[in-house]
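Residue-level structure breakdown
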Amino acid sequence: MTETFPAADDLTALPLATLSRLIADRQLSPVELMQAVLTRIDALQPRLNAFITLCPDEAMAAARQAEADIAAGHNRGPLHGVPFSVKDLTPTAGLRTTYGSRLFDDFVPKTDAVPVARLKQVGAILIGKTTTPAFGHKPLTEGELFGRTLNPYDAARTCGGSSGGAAVAVASGQGPLALGSDGGGSIRIPAACCGVVGLKATLGVIPNLAAPDLFSANSYIGPMARRLDDLEPLYAAIAGGSHLDPYGLAHPMAPPPKPISSLRIGWMPRVGNRMLDPECLAAAEAACALLEGEGAAVEEVSFDAVALEPAFLTLLRSALLARLEHDLEERRFLIDASLKAALEAGRSLTAVDLQKANAARSACFRAIQALFEKVDLLLSPTLAAPPLAADQDPNAAVTIAGETAGSIRGAWYPYAYPFNLTGHPALAVPFGSTATGLPLSVQLVGPWYGEPGLFAVGRRLEAAQRPKKLLERQ
């Protein structure tokens, strides 16, 4: 399906830095860019199904306003006039927000989530809401409301989830920037499946005020883009604490990134998982070898993430049931079957189960903090296998390297969900591809507020394996 990717000199493929320069120099109108993006969405939406809701009229009006503002000398910065999309779990004022569920098919919020409002303040332009499974409850992007979102590399493989629409949109040129969300790997999983970069930031750095219990937060809004040079300005625009977020009240200054030659890297080939696809292992080993060749000290470390899965599921299912218990009783016919199964599983949980899960979360935090006493950075595969089959049952065992490997969380993405519970920043970076051309990815994890160090190492990995530079309009 290579025809789903834009040609290198197409407007929809250009790097953000190029778009920003052309717009600032008035060589490119935000209206021209917006029209190109909307035309591409029109062409690919019937095939890839990355969007639930679009707002083309509002986007074009905002593009005309951006053009007038810039012409008048009021350029708000590198994102002014640049399109972005938002995963449909994140509220957008005046634009339908369904949470991927028929329960909210016609819900229109009155206010924007904080990151959305911040992007609008710097002149970025919302183009629509991307697909997500209902309430982000599974790592495959499909649902009764919208159908299935397809991987742009291979329609027979999943695009991942739950920010699958966001990953597909940026990978295929349907807008250069996207906001996803990550409750257990939901940015990093589809980023890995679709060959893009995605960040789950430190807890509290990017406000997400939707959870009823902010003190137990483990879901994050975060940036997704085709390359780190695109993602970093997006991150800069949305980062910064909120007085309404207990974890965002105060942030220590992020330490400057260390040179690669002085880094101590903890290499995590496994985290309690029995199976690891050879191509995923080889890609991550190559990333380690590259950094080691530049002077980094690499030592193998581990912790048992698979043992944390029952606690993670307790936290997930209890939160979903608390939110949707009334709907399960009164409107269960509108709830997706796989979500219904998760809600029913939550009925058996007790207050003691929840306290034990929180204790396991704390123990995991202590274990990761102990690792960071010895290393500066953790590196692992993002996934234990390349993208699974598009029709994978999320409640069935997955197959890795020809063998039954266990549950989808514990076997396919055990590297991802622990860091939702511990709060550490985690970045998925494309690195290599399978023999059949599917993208592979490595995950970089840092200490709290260590995003600058992740970006520095991620840029080095990108530079080492990008075969050619995208053409730029002069």
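I will try to describe carefully the structure that is included in this document. (Residues numbered from 1 in each chain as written. Predicted model: local features only at pLDDT ≥ 70, side-chain atom pairs only at ≥ 80, totals over all residues. Heavy atoms only, no water.)

Comments concerning the overall build of the chain
Looking only at helices and strands, one finds 14 helices and 15 strands in the chain. Oriented by its inertia axes, the alpha-carbon framework of the chain measures out at about 60 × 60 × 45 Å. Counting only residues that meet the buried cut, the chain has 57% of its 474 residues in that class. Long-range pairs, those at least 24 residues apart, make up 77% of the contacts in the chain between residues at least 6 apart in sequence. Of the roughly 17800 Å² that the chain leaves accessible, carbon and sulfur atoms contribute 54%. Here the chain contributes 41 positively and 47 negatively charged side chains, and the mean placements of these two sets differ by 2 Å. (Helix = DSSP H or I, 4+ residues; strand = E, 2+ residues; numbered from the N terminus. Buried < 20%, exposed > 50% of the residue type's maximum accessible area, 1.4 Å probe, protein only. Contact = heavy atoms within 4.5 Å. Areas by Shrake-Rupley, 256 points an atom, 1.4 Å probe, with all protein chains shown as cover. Lys, Arg positive; Asp, Glu negative; His and termini not counted. Charge placed at Lys NZ, Arg CZ, Asp CG, Glu CD.)

Comments concerning the packing of helix H4 (residues 114–121) against helix H7 (residues 228–238)
Following both chains from N to C, one finds H4 and H7 inclined at 110 degrees, their axes separated by 8 Å at the closest point. Considering the angle they form, H4 stands roughly perpendicular to H7. On H7, the residues that touch Pro115, Arg118 and Leu119 of H4 are Leu234, Ala237 and Ile238. (Axes fitted to C-alpha atoms, helices over the stretch in contact; angles between N-to-C directions. Parallel < 35°, antiparallel > 145°, perpendicular 65-115°, else oblique.)

What to know about the packing of aromatic side chains
In total, this model carries 13 aromatic pairs according to the counting rule given. Plain terms: the ring middles of Tyr235 and Phe455 are 5.4 Å apart, the flat faces sit at 75 degrees to each other, and that makes the pair edge-to-face. Residue Tyr235 is found in helix H7, and its partner Phe455 is found in helix H14 (residues 451–465); the two are separated by 220 residues along the sequence. For the residue pair Tyr235 and Phe455, the accessibility class agrees, reading buried in each case. A centroid spacing of 5.1 Å and a plane angle of 35 degrees characterise the contact between Phe312 and Tyr417, whose relative ring orientation is tilted. Placement of Phe312 in helix H9 (residues 309–330) and of Tyr417 in the loop between helix H12 (408–412) and helix H13 (418–422) is noted, with a sequence separation of 105 residues between them. For the pair formed by Phe312 and Tyr417, the shared burial category is buried. By way of ring pairs, the aromatic residues Tyr99, Phe104, Phe107 and Phe135 are connected into one cluster. Positioned above the aromatic ring of Tyr99 is the side chain of Arg323, whose terminal nitrogen or guanidinium carbon lies 4.9 Å from the ring centre. (Phe/Tyr/Trp six-rings, centres within 6.5 Å; stacked < 30°, edge-to-face > 60°. Lys NZ or Arg CZ within 6 Å of the ring centre and 35° of its normal.)

Brief notes about the environment of Glu330
Here Glu330 is to be found in helix H9. Assessed through its relative accessible area of 53%, Glu330 is described here as exposed. As a C-alpha pair, Glu330 and Met34 span 296 residues in sequence and 42 Å in three-dimensional space.

With respect to the environment of Leu320
Here Leu320 shows up in helix H9. Between the alpha carbons of Leu320 and Asp182 there is a distance of 15 Å; along the sequence they are 138 residues apart. The residues touching Leu320, leaving out its near neighbours within four places in the chain, are Phe135, His137, Leu339 and Leu343.

What to know about the pairing of strand S9 (residues 264–267)
Bridge count between S9 and strand S10 (residues 297–300): 4 bridges; the pairing is parallel. From the neighbouring strand, Ile265 faces S10, where its bridge partner is Val298. With respect to chirality, the unit in which S9 leads through helix H8 (residues 278–293) into the neighbouring parallel S10 is right-handed. (Pairing = 2+ DSSP bridges. Right-handed = clockwise from strand over helix to strand, strands pointing away.)

Some remarks on the nonpolar core
Counting 129 residues, the largest nonpolar core has Leu119, Phe303, Leu378, Leu379, Trp412, Leu444 and Leu461 as its most contacted members. Sorting elements by how many residues they give to this core places helix H2 (residues 30–48) first, with 8 residues. Those residues in contact with Leu461, other than ones at most four positions away along the chain, are Ala287, Leu290, Leu291, Val429, Phe431, Val442 and Leu444. Judged by nonpolar contacts, the second largest core, of 13 residues, contains Phe135, Leu324, Leu334 and Ile335. (Core = buried A, V, L, I, M, F, W, Y, C linked by side-chain atoms within 4.5 Å.)

Thoughts on the pairing of strand S2 (residues 83–87)
Extensive coverage of S2 is indicated by the burial of 5 of its 5 residues. Side-chain alternation along S2 places Pro83, Ser85 and Lys87 on one buried face and Phe84 and Val86 on a second face that is also buried. Across 5 bridges, S2 lies against strand S3 (residues 125–130) in parallel orientation. Each residue of the ladder has a partner; that of Pro83, found in S3, is Ile125. Viewed along the sheet, the connection from S2 through H4 into S3 turns out right-handed.

A closer look at helix H5 (residues 164–171)
In terms of burial, H5 is a largely internal element, 8 of the 8 residues being buried. The complete set of buried residues in H5 reads Gly164, Gly165, Ala166, Ala167, Val168, Ala169, Val170 and Ala171. Where H5 is buried, its residues meet H2, strand S1 (51–54), S3, strand S6 (177–182), helix H6 (188–194) and strand S8 (220–225). Just downstream of H5 lies Gly173, where phi reads positive at about 85 degrees.

Focus on unusual backbone geometry
Look at the link from Gly161 to Ser162: it is a cis peptide, with omega at 10 degrees. Relative to the helices and strands, Ser162 is located in the loop between strand S5 (147–148) and H5. Phi is positive for Asn49, which is not a glycine, with a value near 60 degrees. With respect to the helices and strands, Asn49 occurs in the loop between H2 and S1.

What to know about helix H11 (residues 351–371)
Taking 1.5 Å of rise per residue, the 21 residues of H11 would be expected to cover 30 Å, and the 31 Å separating its terminal C-alpha atoms lies within 8% of that figure. Of the residues making up H11, those classed as buried are Ala357, Arg361, Cys364, Ile368 and Leu371. Each buried residue of H11 sits inside an arc of 80 degrees when the element is viewed along its axis, so together they form one side. For H11, exposure combined with an orientation more than 90 degrees from the buried face picks out Ala351, Val352, Gln355, Lys356 and Arg366. Contacts from the buried residues of H11 go to H9, strand S11 (377–381) and H13. (Expected span 1.5 Å × (residues − 1). Arc of directions from axis to C-beta.)

Quick word on the environment of Leu444
For Leu444, the location among the structural elements is in strand S15 (residues 439–445). Through-space distance from the C-alpha of Leu444 to that of Asn395 is 28 Å; in sequence the pair is 49 residues apart. What Leu444 contacts, discounting residues up to four positions off in sequence, is Leu377, Leu378, Leu379, Pro425, Ala426, Leu427, Val429, Leu454, Val457, Gly458 and Leu461.

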